[in-house]
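Each chain, letter by letter, is given below.
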Amino acid sequence: MRNEEFIPKWLAWEITRRCNLNCIHCRSSSTMESEEGEFTFEEAKKLMDDIATISKPTIVLTGGEPLLRKDVFDIAAYGTEKGFRMCIATNGALVDDEVCKEMKRVGIKIVSLSLDGSTPEIHDDFRKQPGAFDAVINAVEHFKRYNIPFLINSSFTKRNAFDIPNVYKKARELGAKAWYMFLVLPVGRGEDANEELLNAEEANYWLNWHYELEKELILKGDNTILVRPTCAPHYYRIFRQNAKRDGLDLKRRNLVFGTGGGKGCVAGQSIALIDCHGWLKPCSYFPISDVNVFDIPFSKAWFESKIMQDMRKIDEFKGRCGKCEYLKICNGCRVRAYWKYGDYMEEDPVCDYVPVKIRLKDNNKP
Ligand code: SF4
Ligand code: SF4
């Protein structure tokens, strides 16, 4: 069933699973031995033709390391021709003059880089690759020379969370358009690193820290860098609660290439991932799929997949999320719910908020 309220605005497209790094938190457990995307350039074009029949989303070519795929710039050029805002997510290691010239030629709008530590020691330890930090710095220098805008994604677990304020400062100093603080999820290789994931209390601490940072930027009218925690939807609750506590009406900025709207999570509502085999998933971290865009056209799959439809039925969400007064601006993380309860419609376990409805009910108990 087609519902115009839910149209793709941002798609991550895993064009290869091969990667030259071996990061502990990788959602796809990529290595150099991982599969190439099992589709040809002709199939890629057909897929983009079909996506264009329903919308003109931002498309982020991702991996693995997308620059390892030989036709990456042919795919990007075709996407630009179709009217999509084409972006690339890279670890930076393969960025050189030639790559930058190609990015300019094919109209890449913004590149996202990963930086998980403010020093080579911290970043390289997290990425399990000596020289990874220098590769990011080298990529940044190239992007600046070629005037290619970039944003920085930073992933955190217990191992590197202490460095969060320094990583923000580094992203700012490097000239990133945006800095996205990401609290690592228990999927892919992250599963083995579960012990290292931040718990609800630690997540709260850093989300409150982030609120203070964002507040300061808004109050100063400082638009140098846009900041946003990603995949921590309950930050939208924390932000609203704290602003109310502080008696402030804070107007938040949105990045043109962001995943959209004033809502914490829009998985399957306006964003999705197409993996290297064509499986369509509500977001980059979602572990399951029920539809393949090389079997069924994307334009049908987007509306007809049961999983994608479920993502839009927020009235059917369960547990605390289902009763929460912040659900419409938050949504809860469906991946964390699935990981904890085996049911993506359940509550988000990394949020410890008890909604008013539940508190009132408990108070009325005899
Ligand atoms: S479901 Fe979770 S991991 Fe996926 S986009 Fe939403 S918050 Fe992020
Ligand atoms: S209970 Fe669910 S909907 Fe409410 S703030 Fe927490 S994660 Fe968001």
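Relevant structure appears above.
Residues numbered from 1 in each chain as written. Chains lettered and ligands numbered in written order. Predicted model: local features only at pLDDT ≥ 70, side-chain atom pairs only at ≥ 80, totals over all residues.

J.: Mind showing me how you'd approach the overall build of the protein chain here?
T.: Scanning the protein chain for helices and strands turns up 14 helices and nine strands. Looking at the protein chain as a whole, 45% of its 366 residues are labelled buried. Look at the contacts in the protein chain between residues 6 or more apart in sequence, and 72% of them connect residues 24 or more apart. (Helix = DSSP H or I, 4+ residues; strand = E, 2+ residues; numbered from the N terminus. Buried ≥ 20, exposed ≤ 12 C-beta atoms within 10 Å, placed from the backbone. Contact = placed C-beta atoms within 7 Å.)

J.: Even after reading the chapter, I still don't get the site of ligand 2, so can you show me in this structure?
T.: C321, C324, C330, G332 and C351 are the nearest of the 15 residues found near ligand 2. The set of elements that each furnish at least two residues to the shell around ligand 2 consists of α11 (319–322) and α12 (327–330). Classifying every residue of the shell around ligand 2 gives nine nonpolar, two polar and four charged. (Near = placed C-beta within 6 Å. Nonpolar A, V, L, I, M, F, W, Y, C, P; charged D, E, K, R; others polar.)

J.: What is the right way to look at the nonpolar core in this model?
T.: The nonpolar side chains of soluble globular proteins are, as a tendency, buried together. Counting 96 residues, the largest nonpolar core has L61, V111 and F150 as its most contacted members. With seven residues, helix α5 (residues 132–145) is the single largest residue contributor to this core. Contacts of F150, omitting those with residues within four sequence positions, involve I110, V111, S112, L113, V140, F143, A176 and K177. (Core = buried A, V, L, I, M, F, W, Y, C linked by C-beta atoms within 7 Å.)

J.: Please clarify how unusual backbone geometry should be interpreted in this entry.
T.: Only a minority of non-glycine residues have a phi that is not negative, and only a minority of peptide bonds are not trans. The linkage connecting G63 with the following residue, G64, adopts the cis geometry, with an omega of 20°. Assignment of secondary structure puts G64 in the loop between β2 (58–62) and α2 (72–82). One non-glycine residue, K128, lies in positive phi territory at about 55°. Along the chain, K128 turns up in the loop between α4 (120–127) and α5. Residue K128 is classed as partly exposed on the basis of its C-beta count, with 13 C-beta atoms lying within 10 Å. Residue N331 is not a glycine yet carries a positive backbone phi of 90°. Here N331 lies in the loop between α12 and α13 (334–341).

J.: Explanation requested: the site of ligand 1 in the structure shown.
T.: Taken together, L185, C231, P233, C265, A267, C283, Y285, F286, C333, R334 and V335 make up the full set of residues adjacent to ligand 1. Residue composition of the shell around ligand 1, by class: 10 nonpolar, no polar and one charged.

J.: Which parts of the structure should I look at to understand the environment of G83?
T.: Along the polypeptide, G83 turns up in the loop between α2 and β3 (85–90). The sequence separation of G83 and K56 amounts to 27 residues, and the corresponding C-alpha distance is 6.2 Å. In contact with G83, other than residues within four places in its own chain, are A52 and K56.

J.: I tried to follow the sheet that holds strand β7 (residues 226–230) on my own but got confused; where do I start?
T.: Sheet strands associate in pairs through backbone hydrogen bonding, adopting either a parallel or an antiparallel arrangement. Here we have nine strands laid out as an open sheet, ordered β7-β6-β5-β4-β3-β2-β1-β8-β9, and mixed in their pairing. Edge strands, defined here as strands with exactly one partner in the open sheet, are β7 and β9 (280–281). Pairing analysis gives four bridges linking β3 to strand β4 (residues 110–114), with the strands arranged parallel. Bridge assignment links A89 to a residue of β4, and that residue is S112. Relative to β2, α2 is tilted by about 175°, and along the sheet it contacts β2 and β3. (Pairing = 2+ DSSP bridges. Axes fitted to C-alpha atoms, helices over the stretch in contact; angles between N-to-C directions.)

J.: So what exactly am I meant to see when it comes to the pairing of β2 here?
T.: Each regular strand displays side chains that alternate between the two surfaces of the sheet. Extensive coverage of β2 is indicated by the burial of five of its five residues. Side-chain alternation along β2 places T58, V60 and T62 on one buried face and I59 and L61 on a second face that is also buried. The sheet contact formed by strand β1 (residues 10–14) and β2 spans five bridges and is parallel. Paired with A12 across the strands is V60, a residue of β2. Pairing geometry for β2 and β3, over four bridges, is parallel. Looking at the pairing, L61 lines up with I88 of β3. Viewed along the sheet, the connection from β2 through α2 into β3 turns out right-handed. (Right-handed = clockwise from strand over helix to strand, strands pointing away.)

J.: Just to check I follow, could you spell out the packing of helix α1 (residues 41–51) against α2 for this structure?
T.: Between two packed helices, what matters for the description is the angle formed by their axes and the separation of those axes. Where α1 contacts α2, the axes come no closer than 10 Å and their chain directions differ by 20°. Classed by the angle they form, the pair α1 and α2 counts as roughly parallel. Crossing geometry of α1 relative to α2 is assigned as right-handed. On α2, the residues touching F41, A44, K45 and M48 of α1 are D74, I75, Y78, G79 and K82. Partitioned by chemical class, the residues of the contact of α1 with α2 number five nonpolar, one polar and three charged. (Parallel < 35°, antiparallel > 145°, perpendicular 65-115°, else oblique. Left-handed = near helix turned anticlockwise from the far one by under 90°.)

J.: So what exactly am I meant to see when it comes to helix α7 (residues 200–220) here?
T.: Helical geometry note: an α-helix holds 3.6 residues per turn, so side chains three or four residues apart project in the same direction. For α7, built from 21 residues, the straight-helix expectation of 30 Å at 1.5 Å per residue is met to within 8% by its first-to-last C-alpha distance of 30 Å. Within the span of α7, buried status applies to A203, L207, H210, Y211 and E214. All buried residues of α7 fall inside an arc of 115° around its axis, so they share one side. Opposite the buried face of α7, at more than 90 degrees from it, the exposed residues are E201, E212, E216, L219 and K220. Those residues of α7 that are buried lie in contact with β6 (178–183), β7 and α8 (235–245). Looking one or two residues past α7, G221 carries a phi angle of roughly 65°, positive in sign. (Expected span 1.5 Å × (residues − 1). Arc of directions from axis to C-beta.)

J.: Whenever I open this one, the environment of D96 confuses me. Can you help?
T.: Examined against the element boundaries, D96 turns out to sit in the loop between β3 and α3 (97–105). Judged by C-beta crowding, with 12 C-beta atoms within 10 Å, D96 ranks as exposed. Along the backbone, D96 and A139 are 43 residues apart, and their C-alpha atoms lie at a distance of 7.2 Å.

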